[in-house]
Each structure stands twice: as structure tokens, then as C-alpha cells.
Amino acid sequence: MNRESMEFDVVIVGAGPAGLSAACRLMQEAQAAEQELTVCVVEKGSEVGAHILSGAVMETRALDELFPDWKERGAPLKTAVTEDQVFMLKNATSAAKLPNAFVPKTMHNDGNYIVSLGNVTRWLAEQAEQLGVEVFPGFAAAEVLFNEDGSVKGIATGDMGVTANGEQGPNYMPGMELHAKYTIFTEGCRGHLGKQLIEKFALDKDADPQHYGIGIKELWDIDPAKHKPGLVVHGSGWPLTDGASGGFFLYHAEDNQVVVGLIIDLNYSNPYLSPFDEFQRMKHHPEIKQYLEGGKRVAYGARAITKGGFNTLPKMTMPGALLVGCDAGTLNFSKIKGIHTAMKSGMLAAESIVEALKNGDEGGKDLSNFTTAYQSSWLYDELYRARNFGPAMHKFGPYLGGAFNYIDQNWFGGKIPVTLHDTHKDHEQLKPASECEEIQYPKPDGVISFDKLSSVFLSNTNHEEDQPCHLQLKDASIPISQNLPKFAEPAQRYCPAGVYEVVEGDNGPQFQINSQNCVHCKTCDIKDPAQNITWVVPEGAGGPNYPNM
């Protein structure tokens, strides 16, 4: 296919915190060196921030480096953390509050801010454009392009106006090739191009298997009398049982709003577990319900989280490209934070590229100077100190694992002389349905708890209906012939948006994909026990349209 092309020095895939920080740093460094640089950022969401979902409590360390005057520039960090509370939920009605002295110090949030990451990225995009970066929302990077020598050449955006049967419709428009000396991939967790690059270049050959969670989040307007701006509440325990692990969060943001959410590790074993329904019933616990009663839910969303940490990080460089942020897995799970680490990884990538280009580099190289800079940075030190946090929880459970992490973080500063590993792949942990007890979830009351379809409605999700399905099955028979009899087809439950259903047809059960509902969380690509589902980008601008998530 003959496609139009554009040439840049650097192309960045994804307008999240890593990508936009990289874009800003590229222009800052180039201007300081009096060097001409052309940079573009492509973003699959309809606007910057449309696909961004995070808790979020933000540490400002990377932002302080990127824009020391961020307050004067009007960065949307308005609510400083005023208090931390951590609970262990014992059952549906009782909980134990942990004294701060017994909480791993990495979970203390003094000096941090409660933010909408969507709004932070919108602000970062404004800063990038003011520096001369071209930002293209609504264009999905669908394909990696390669030079003849195998190095990354850039990306191609997806074709527009292709019909469901793969033909060119009346509004067909071919994608465009964006060529670059270097391409930075910052797609977020389980980026579909990042996944391809990790496999092609064997970037993970020296790493443990990556681990993931699914985070489900709601935004509520609450009674002003119950609002405590700056209060941060975390906890674990109920309702997660039967080997499932994770934790909840509830943050009091500005304007009488709270965000409430649940993160569930995707290494759970019971195929009957439904992350969405676990979250809905969790909100009825008195420690959480006390804030939501009398309030109104105004937004909903879900996103997978790359949480394996230091031991699971792939090599982040390859000829002509870098893979950073949550696309690589730079989240610090001991802090339950990944914004500042993603930003720093993007900044390091930018600095390495400018250094190379300044010395006459024409592109296409494997930038070893990035690895050197990363290994001598605070990012490397921080992730190294957190290396045991996830494996300890997986190996020993929330109580013994929590005790290990308290000792490691508070006594040894994350440098206990042992390194734990979890080499089990998340999708391989499901047990046969015949070995598990089916979980009966309470019906939603429409006040505190809700159903999937009304929740997806609040995510403002929309896709062009007449387009190829972006949820691709390697073998269309597997869901019914294998997953249904062995695992009661878990896609019906692990998807938080009602995308997958088993329906009765004339010839027995049929696997139905409601791709219009997809909120782009990527859980199916991760958790399917047969690894039969591949998530690829739909037509640009499709998916959720989160307001300030």
C-alpha cells in the first residue's frame, strides 16, 4: 500500500505521562543545545486524557525536575495529601485500622497530591505544544515500521473507514507513516506494539514474567459534610478470598469529589471471580459506604496495571526505539505509584536521544547511553528497593507478605540481602472450574453498587460500529471448545465492561464479542488462559472518553 509519510526526528506513541514528559524534555534539551528537533506525539484517544485512568496520588519528584515552576504554570495539582489511613477489611462489616508506624514507609504520602491524571496529561500536552511538539490525538499507532537492517523506522497509523468485513468503506482514508530517527513507545500497560517489540527483540529474555492487576475506578460527588480534602485511604482483605489478592483505594479530591477503586492481581485462581462484582460489593463495606451514601456516581472506568516491578523489567532499548513507562513496567508497586517513575523514564529516554543526535547520530541505533543513565538514576534505585514487594505478597499472602515488606522497607530501606522472584505467569494460574466454588455475587442496589452496562455508559465509550473487531481470536473455536468446559469461560467475568458473553444459539453455546463496550483495559489480552485473545487498536478516537479520571 502506498501511504503518505512524514519525517520527524522523534515519534512518540502515546500521550500519557511518560510520552509527554519525553516530548517536553526533548525540546528542553534541544533548545538548551541550540539544536533543531522535530517531535510528534500520536494518541489513540479522541483527545489527550480521554484514555487516561489512574488513582491517583502523585509524587512530584519527576515533575519538579521537568518543570520546577509547575505551580506557577498552573499544573492541576490542587489537593495535597493531609492524612493517610490504612485498613485491613476483616469481613463485610468489620475492619482493623493499621497504625501508621506499622505501615511500610513507601505507602506514606506526605508531600504528595491527589490528582486526576487525565487532567495532568492535558496540562503536559499544553506544555509540550508550547515547546514546539506536534500532538496528534485521534490517531492510533497500528503498526511498527522497520528499516531494511531491522531497526525501527517509525509507525503507521491505522486506516480509517474500513468496514467490518475488511473492505474500504465510503469514508475510507489510509493511515499515514510517521518515520523517525528514534521512536519512543509509551502506550501504557500491555501496549499492543510494545508487546510485539518485546517478542521480536527478546527484550524480556533476562527478566521474570511480567505481572498485572486490573484497576477499577469510580468518581463520586459526595455530601460536602462528609468530604475531607486530602484524605487518602488504602486497604486490603475482604472481599478478596480464595487466594485472590489486591487492595482498595479511596481518595478525597477537590470539589466534594472522591475516587474509589479496587485493584485485583491477575494471578487469581478461581475462574468464577469477577473483578467488577468484587468491586461493587466492596463499596458496601461501612468504611467505604460511609462516604458514598447520599452521593452520586459520575464516572466509571477500568485499566490493567503493569505491576511486576524491577525483576520483570525488559530491556528498554532496541535499534531505533525505546520502550518506557508502563509499556515497560516502571510502576513502583511498593508505593502504588507509577506516574513519577513513568515520567522519569520518558525524560531519561529523551536525554539519551538528544545526546546521541547532538553527536551526529543519524538514528537506528540501540542507545546504550540510556541504560547507563537509567542505572545511575534515582529511578533505578527506587525500583530496585521495591523489587521484593510484589513477589512477597504473591508468595506469602497479605499478612506474612505484608510483614516481610514492612521489615524490608522500614528496617532495610528496601535493601534486605535477598531477592524474591515470582516466575509464575498470571494467565497460567487459573484452576479448572470443577475445582473451584462458584461465587454468588449480590445484585446491585442501584445506589451504591451498579451493573456493568450502566457503568460502561458512564465511561462515555464509543466505537465506530462498522469496523473490524479489535479483539482478535487466534482460534475462534477455543472459547467454547476449551475455555467453557474447563474454566466456565472466564472472559465473561474478568472483563469489566461486558464485552464477552456466552449466549445460546441454534447449535448450542456461542461466544459473543460486544467490542463496542470495550474500555481498552487490556485484561483479556493478559488473563485469557489460552492466550487466544489479542487486543489491537480500533479506529482512532474509539474507546472511552474519560473526563477527569
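All figures in this text were calculated on a predicted structure; none of them were measured in a lab. (Residues numbered from 1 in each chain as written. Predicted model: local features only at pLDDT ≥ 70, side-chain atom pairs only at ≥ 80, totals over all residues. Heavy atoms only, no water.)

Asker: Where do I start with the UniProt feature "domain: ETF-QO/FixC ubiquinone-binding" (unreviewed entry) in the chain in this structure?
Answerer: Those places that UniProt annotates as "domain: ETF-QO/FixC ubiquinone-binding" (unreviewed entry) correspond, in this numbering, to residues 212-305. Span residues 212-305 is 16% helix and 46% strand, its end C-alpha atoms 5 Å apart. (UniProt positions renumbered as here; feature names shortened; annotations may be inferred. Helix = DSSP H or I, 4+ residues; strand = E, 2+ residues; numbered from the N terminus.)

Asker: Please clarify how the sheet that holds strand β7 (residues 113-114) should be interpreted in this entry.
Answerer: Pairing between the strands of a sheet is mediated by backbone hydrogen bonds and can be parallel or antiparallel. A sheet is described by the order of its strands in space; here three strands give the open sequence β3-β7-β4, paired in antiparallel fashion. Of all the strands in the sheet, just β3 (57-58) and β4 (79-80) have a single pairing partner and so form its edges. Bridge analysis of β4 against β7 gives two bridges, and the strand direction is antiparallel. Across the sheet, the residue bridging to Thr79 is Ile114, located in β7. (Pairing = 2+ DSSP bridges.)

Asker: In this structure, what is going on with the packing of aromatic side chains? I would like to understand it.
Answerer: Two measures describe an aromatic ring pair: the distance that separates the ring centres and the angle between the ring planes. Applying the stated criterion across every chain, the model contains 15 aromatic pairs. Relative to Tyr374, the ring of Phe370 has its centre 6.2 Å away and its plane inclined at 5 degrees; by these criteria the two rings are stacked. A residue pair is termed a helical-turn pair when its members lie 3 or 4 positions apart in one helix, as Phe370 and Tyr374 do in helix α8 (residues 368-375) at four residues. Aromatic pair Phe396 and Phe404: ring centres 6.1 Å apart, planes at 50 degrees, arrangement tilted. Judged by relative accessible area, Phe396 falls into the partly exposed class, the value being 39%. Judged by its relative accessible area of 16%, Phe404 is buried. Cluster of aromatic residues (ring-pair linked, three or more members): Phe310, Phe370, Tyr374, Tyr380 and Tyr384. (Phe/Tyr/Trp six-rings, centres within 6.5 Å; stacked < 30°, edge-to-face > 60°. Buried < 20%, exposed > 50% of the residue type's maximum accessible area, 1.4 Å probe, protein only.)

Asker: Help me understand the side chain of Glu539 in this model?
Answerer: Mapped onto the elements of the fold, Glu539 is located in the segment after β24 (533-535). The charged side chain of Glu539 is buried without a salt bridge, its nearest counter-charge being Arg3 at 14 Å. Separated by 3.0 Å, the side chain of Glu539 and the backbone nitrogen of Gly161 make a polar contact. For Glu539, the contacting residues outside a window of four places in its chain are Asp159, Met160, Gly161, Val162, Glu464 and Gln467. (Lys, Arg positive; Asp, Glu negative; His and termini not counted. Salt bridge = Lys/Arg side-chain N within 4 Å of Asp/Glu carboxyl O. Polar contact = N/O pair within 3.5 Å; in protein donor to acceptor, adjacent residues only side chain to side chain. Contact = heavy atoms within 4.5 Å.)

Asker: Where do I start with the UniProt feature "domain: ETF-QO/FixX C-terminal" (unreviewed entry) in the chain in this structure?
Answerer: UniProt feature "domain: ETF-QO/FixX C-terminal" (unreviewed entry): in the numbering of this structure it lies at residues 446-546. The annotated region residues 446-546 carries 26% helix and 18% strand content, and the separation between its end C-alpha atoms amounts to 21 Å.

Asker: Just to check I follow, could you spell out the environment of Gln409 for this structure?
Answerer: Relative to the helices and strands, Gln409 resides in helix α10 (residues 389-411). Setting aside residues no more than four positions away along its own chain, Gln409 makes contact with Pro104, Lys105, Thr106, Arg385, Ala386, Phe389 and Gly414.

Asker: It is not clear to me how the sheet that holds strand β15 (residues 231-237) should be interpreted in this structure. Could you clarify?
Answerer: Reading across from one edge, β6-β5-β15-β16-β17-β14-β18 is the order of the seven strands in this open sheet, with mixed pairing throughout. The sheet terminates laterally at β6 (95-97) and β18 (296-306), the two strands that pair on one side only. Ignoring which end each strand starts from, the neighbouring axes of this sheet average 20 degrees apart. The pairing of strand β14 (residues 212-221) with β18 spans 10 bridges and is classified as antiparallel. By the bridge assignment, Ile214 is partnered in β18 with Ala304. The strands that helix α5 (residues 275-282) touches are β14, β16 (246-252), β17 (257-265) and β18; relative to β17, the one it contacts most, it runs at about 135 degrees. (Axes fitted to C-alpha atoms, helices over the stretch in contact; angles between N-to-C directions.)

Asker: What's the story with the environment of Leu89 in this structure? I'm lost.
Answerer: The topology assignment puts Leu89 in strand β5 (residues 83-89). Between the C-alpha atoms of Leu89 and Gly446, which are 357 residues apart in sequence, the distance is 23 Å. Excluding anything up to four places from it in sequence, Leu89 contacts Ser94, Ala95, Ser236, Gly237, Trp238, Phe248 and His285.

Asker: Explain the pattern of salt bridges to me, please; I cannot follow it from the model alone.
Answerer: Any two side chains of opposite charge can pair, so long as their charged atoms come close to each other. On inspection of all chains with the given rule, the structure shows 21 salt bridges. For Arg3, the salt bridge goes to Glu177, with nearest N and O atoms at 3.3 Å. With Arg3 in the segment before β1 (5-13) and Glu177 in strand β13 (residues 177-185), this residue pair connects regions lying 174 residues apart in the sequence. Judged by its relative accessible area of 22%, Arg3 is partly exposed.

Asker: Where do I start with the packing of helix α1 (residues 17-32) against helix α7 (residues 339-358) in this structure?
Answerer: Helix-helix packing is described using two parameters, namely the angle between the two axes and the distance between the axes. Where α1 meets α7, the axes come as close as 7 Å, and the angle between the chain directions of the two elements is 35 degrees. Relative to α7, α1 is oriented so that their crossing is right-handed. Listed contacts from α7 to Pro17, Ala18, Ser21, Ala22, Arg25, Leu26, Glu29 and Ala30 of α1 are Ile339, Ala342, Met343, Ser345, Gly346, Met347, Ala350, Glu351, Ile353 and Val354. Within the contact of α1 with α7, the residues separate by chemical class into 12 nonpolar, three polar and three charged. (Left-handed = near helix turned anticlockwise from the far one by under 90°. Nonpolar A, V, L, I, M, F, W, Y, C, P; charged D, E, K, R; others polar.)

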